[in-house]
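# Structural features, examined
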Amino acid sequence: NAGVTQTPKFRILKIGQSMTLQCTQDMNHNYMYWYRQDPGMGLKLIYYSVGAGITDKGEVPNGYNVSRSTTEDFPLRLELAAPSQTSVYFCASSYLQSYSNQPQHFGDGTRLSIL
Amino acid sequence: DAKTTQPPSMDCAEGRAANLPCNHSTISGNEYVYWYRQIHSQGPQYIIHGLKNNETNEMASLIITEDRKSSTLILPHATLRDTAVYYCIVRKGAQKLVFGQGTRLTINP
């Protein structure tokens, strides 16, 4: 039971470098999400997608980009890494219709440090 | 989303029932109550959710008051592995989850 898979698990970047955090789910969920969690804090929504080809901003989208070309994959891209983006990043997915209230399933996270 | 209020920390003895309270006095009629937990820095784990009836699954029970302004998550026989931060969240439909500070539950041997 793979669920939501995130890669890599850990990464150290230099300021100004770019990278893509990968997220894939095998549950045929239509909704996918990216959160970040700073030490001792709750999760904050970066971007989300309601289906292939559709994405929207969350609470803290600045400095990030996303795409959703398939149902399964929802990569998160950092173009110019900054120290403020040091955090743990979680991807999640759920199957939602307007009348349903199914829970979100989370990956194990990517721990990213910008030095 | 309605705001929730949880105690910042709780302790429970191993083998006893852990009862975690949550206040959501401004909840609206079509908002569900969800509980998640986060162990160490792992991804949040879904536990249970409900609308107005009490719910039970293999992990926990959820008791929602008749006026729906508060709820209690019950872990019937807590183990050391239940030590985690527990989040109570209210949400309707496809709205995003809003994570507060949660309750840090410590299970003591």
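Everything that follows concerns the structure shown earlier in this document.
From a predicted model like this one, the values you see are computed outputs, not experimental measurements. (Residues numbered from 1 in each chain as written. Chains lettered and ligands numbered in written order. Predicted model: local features only at pLDDT ≥ 70, side-chain atom pairs only at ≥ 80, totals over all residues. Heavy atoms only, no water.)

Turning our eyes to something else, we now look at the interface of chain B and chain A. By a widely used convention, the size of an interface equals the accessible area lost when the partners come together. Chain B puts 20 residues into the contact, and the matching count from chain A is 22 residues. Taken together, both faces of the contact between chain B and chain A bury some 1,600 Å²; the carbon and sulfur share is 53%. Where chain B meets chain A, there are three residue pairs in polar contact (both at pLDDT 80 or more). Of all the secondary structure elements, the ones that give two or more residues to the side of chain B that touches chain A are strand E3 (32–38), strand E4 (45–50) and strand E8 (84–91) of chain B. By residue number, the principal contributor to the side of chain B that touches chain A is E3 of chain B, which donates four residues. Along the lines of polarity and charge, the residues of the side of chain B that touches chain A split into nine nonpolar, eight polar and three charged. (Contact = heavy atoms within 4.5 Å. Buried area = accessible area lost by both parts, 1.4 Å probe. Polar contact = N/O pair within 3.5 Å; in protein donor to acceptor, adjacent residues only side chain to side chain. Helix = DSSP H or I, 4+ residues; strand = E, 2+ residues; numbered from the N terminus. Nonpolar A, V, L, I, M, F, W, Y, C, P; charged D, E, K, R; others polar.)

Scanning all chains against the criterion turns up 11 aromatic pairs over all chains. Aromatic side chains phenylalanine 106 of chain A and tyrosine 36 of chain B sit 6.0 Å apart centroid to centroid with 85° between the ring planes, which places their arrangement in the edge-to-face category. Note that phenylalanine 106 of chain A is positioned in strand E10 (residues 105–106) and tyrosine 36 of chain B in strand E3, a pairing that runs across two chains. Under the relative-accessibility criterion, tyrosine 36 of chain B is labelled buried at 0%. Where tyrosine 36 of chain B meets tyrosine 46 of chain B, the ring centres are 5.8 Å apart and the plane angle is 70°; that geometry is what we call edge-to-face. With tyrosine 36 of chain B in strand E3 and tyrosine 46 of chain B in strand E4, this residue pair connects regions lying 10 residues apart in the sequence. Site record: aromatic cluster; members linked through ring pairs are Tyr31, Tyr33, Tyr35 and Phe106 of chain A together with Tyr36, Tyr46, Tyr87 and Phe99 of chain B. (Phe/Tyr/Trp six-rings, centres within 6.5 Å; stacked < 30°, edge-to-face > 60°. Buried < 20%, exposed > 50% of the residue type's maximum accessible area, 1.4 Å probe, protein only.)

Take it as geometry only, folks, not as evidence of what the structure does.
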